[in-house]
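Chain by chain, the residues:
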Amino acid sequence: MIGNIYMGLQLPAISNLLIVIGQSLALIGTYIVYYKGSHSLMQIALVNTIAPLVIYLLSIPYTFYYKYPQLRPSLKFVDLTEARTIIKTGLHFFIIQISGIILFASSNLLISKLFSPDMVTPYQITYRYFSIMLVVFTVICMPFWNATTDAYEKKDMQWIRQATKKLRIMLIGILIGMIIMILVSKYVYAIWIGQIISIDLNMSIIMACYIFILIYSMRYSYFLNGLGKLRLQLYFSTGAAIVFIPLAYLVTSLTHNIIWFIAVMCFVNIPGLIVNRMQFCKLINHKAKGIWAL
């Protein structure tokens, strides 16, 4: 809740700072457990759970009693007439996130089932390598979510247009960066994992395509989330989650190639990307009607 308060105040740096402090404290605690000679998984779990919690608990009095007392929660401010709208929006986000979990988290299980557990490692290595760009884009893009909400409420569509131009330039930079990452991937893998595991160049290329599709789609979804336009995202993310597993089974049974498995991951995310872009363009040009306006 504290993190969301600062995000709503257009202060994402503070929200991220709380996360960094909590994770840093967890890291220090982990080192202490290690140097004590303890090999208890329970102690490690407790340290990594309690450390962030302590930071958030300490931030509550500072936030609500010192910095922003006017935002302190109280039962007298509860307005049940807004409950339906809030629950509806929250439910949409929940379903979209569940669909995302099905798409992203099921990949390792499917690879183990359709190929072999040994294939999970090359997949994870390439995914983590190229998802560096996804992390960079997410960190930069996150503030646009709340800023878009603020601009939309003020009818400042010009700010939204200017912001999307900046993101377009950023996307070009990310595309160039990913091409360079593909070209040097063999050397990076050699430094990272040595010669134990061999990763095909084609896997790096298709994984880079998959990550770029996610980034390109996120460019629009962050703005749409800020505008509260979730209906089409809900439909297409749910549809992608439903289609993904049977389509992955079918394609893999015909090709027996993990490259095609990743290609399926690309394919099921492309319709959502196209619709996100179309809806965003209609909204900022005041041409959204019917379901495009929801």
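All of these numbers come straight from a predicted model, not from anything done at the bench.

Definitions and cut-offs
- Residues numbered from 1 in each chain as written.
- Predicted model: local features only at pLDDT ≥ 70, side-chain atom pairs only at ≥ 80, totals over all residues.
- Heavy atoms only, no water.
- Core = buried A, V, L, I, M, F, W, Y, C linked by side-chain atoms within 4.5 Å.
- Buried < 20%, exposed > 50% of the residue type's maximum accessible area, 1.4 Å probe, protein only.
- Helix = DSSP H or I, 4+ residues; strand = E, 2+ residues; numbered from the N terminus.
- Contact = heavy atoms within 4.5 Å.
- Phe/Tyr/Trp six-rings, centres within 6.5 Å; stacked < 30°, edge-to-face > 60°.
- Patch = residues over 30% accessible without salt bridge, like charges linked within 9 Å, V, L, I, M, F, W, Y side chains within 5 Å.
- Areas by Shrake-Rupley, 256 points an atom, 1.4 Å probe, with all protein chains shown as cover.
- Salt bridge = Lys/Arg side-chain N within 4 Å of Asp/Glu carboxyl O.
- Axes fitted to C-alpha atoms, helices over the stretch in contact; angles between N-to-C directions.
- Parallel < 35°, antiparallel > 145°, perpendicular 65-115°, else oblique.
- Left-handed = near helix turned anticlockwise from the far one by under 90°.
- Nonpolar A, V, L, I, M, F, W, Y, C, P; charged D, E, K, R; others polar.
- Polar contact = N/O pair within 3.5 Å; in protein donor to acceptor, adjacent residues only side chain to side chain.
- Expected span 1.5 Å × (residues − 1).
- Bend = angle between axes of the 7 residues up to and from the residue.

Visitor: Can you walk me through the nonpolar core in this structure?
Guide: Nonpolar side chains in soluble globular proteins tend to end up buried together. F130, F137, F244 and F261 are the most contacted members of the largest nonpolar core, which totals 58 residues. Residue assignment for this core shows that the elements contributing at least two residues are α4 (83-114), α5 (120-153), α6 (157-193), α7 (201-227), α8 (231-255) and α9 (258-284). For this core, the element with the highest residue contribution is α7, accounting for 16 residues. The residues touching F244, leaving out its near neighbours within four places in the chain, are I102, L103, S106, S107, L110, F261, V264, M265 and V268.

Visitor: Sorry, what's going on with the packing of aromatic side chains here?
Guide: We describe a pair of aromatic rings using the distance from one ring centre to the other and the angle between the two ring planes. This model, assessed by the stated rule, comprises 11 aromatic pairs. Look at Y31 and Y35: their rings are 6.1 Å apart centre to centre, the planes differ by 20°, and that puts the pair in the stacked class. Taken together, the positions of Y31 and Y35, both in helix α2 (residues 12-35) and 4 residues apart, correspond to about one turn of that helix. Given the relative accessible area of 64%, Y35 is considered exposed. Relative to Y220, the ring of Y216 lies with its centre 5.7 Å away and its plane at 70°, an arrangement referred to as edge-to-face. Residue Y216 and its partner Y220 are located together in helix α7, separated by 4 residues, close to a single helical turn.

Visitor: Even after reading the chapter, I still don't get a nonpolar patch on the surface, so can you show me in this structure?
Guide: Together, I172, L175, I176, I179, I180, L183, V184 and Y187 make up an exposed nonpolar region whose accessible area comes to about 770 Å². Here Y187 is to be found in helix α6. Under the relative-accessibility criterion, Y187 is labelled exposed at 53%.

Visitor: Hey, could you run me through the packing of α8 against α9 in this one?
Guide: When two helices pack together, their arrangement is given by the angle between the helix axes and by the axis-to-axis distance. The contact between α8 and α9 brings their axes to 8 Å, and the two run at 160°. Between α8 and α9, the angle is such that the two are roughly antiparallel. For the crossing formed where α8 meets α9, the hand is right-handed. Of the residues in α9, those in contact with L232, Q233, F236, A240, V243, F244, L247, A248, V251, T252 and T255 of α8 are W260, F261, V264, M265, F267, V268, P271, G272, V275, N276 and Q279. Here the residues of the contact of α8 with α9 sort into 16 nonpolar, 6 polar and no charged.

Visitor: Is there a simple way to think about the environment of S221 in this case?
Guide: With respect to the helices, strands and loops of the structure, S221 is situated in helix α7. Sequence-wise, S221 and F280 are 59 residues apart; in three dimensions their C-alpha atoms are separated by 8.4 Å. Setting aside chain neighbours within four positions, we find S221 in contact with Q233 and N276.

Visitor: In this structure, what is going on with the environment of Y210? I would like to understand it.
Guide: As for its position among the elements, Y210 is in helix α7. Leave out the neighbours within four places in its chain, and Y210 touches F104, Y127, I262, M265, C266 and N269.

Visitor: Explain the side chain of S185 here, please?
Guide: Locating S185 in the fold gives a position in helix α6. On the basis of relative accessibility, which here comes to 3%, the residue S185 falls in the buried class. A distance of 2.8 Å separates the side chain of S185 from the backbone oxygen of I182, its partner in a polar contact. Setting aside residues up to four positions removed in sequence, S185 forms contacts with Y129, L201 and S204.

Visitor: How should I be thinking about α9 in this particular structure?
Guide: One turn of the α-helix equals 3.6 residues, which is why residues spaced by three or four share an orientation. Helix length check: α9 (27 residues) gives 40 Å between terminal C-alpha atoms against 39 Å at 1.5 Å per residue, within 8%. Measuring from the backbone nitrogen of I259 back to the side-chain oxygen at the start of α9 gives 2.8 Å, which picks out N257 as the cap. Residue H286 follows α9 closely and has a positive phi angle near 60°.

Visitor: Is there a simple way to think about α7 in this case?
Guide: For α7, which comprises 27 residues, the first-to-last C-alpha distance of 40 Å matches the rise-based estimate of 39 Å (1.5 Å per residue) to within 8%. In the structure, α7 departs most strongly from a straight axis at M218, where the bend amounts to approximately 30°. Summarising burial for α7: 22 of the 27 residues are buried, a large majority. Following α7 by one or two positions, G228 has its phi on the positive side, about 75°.

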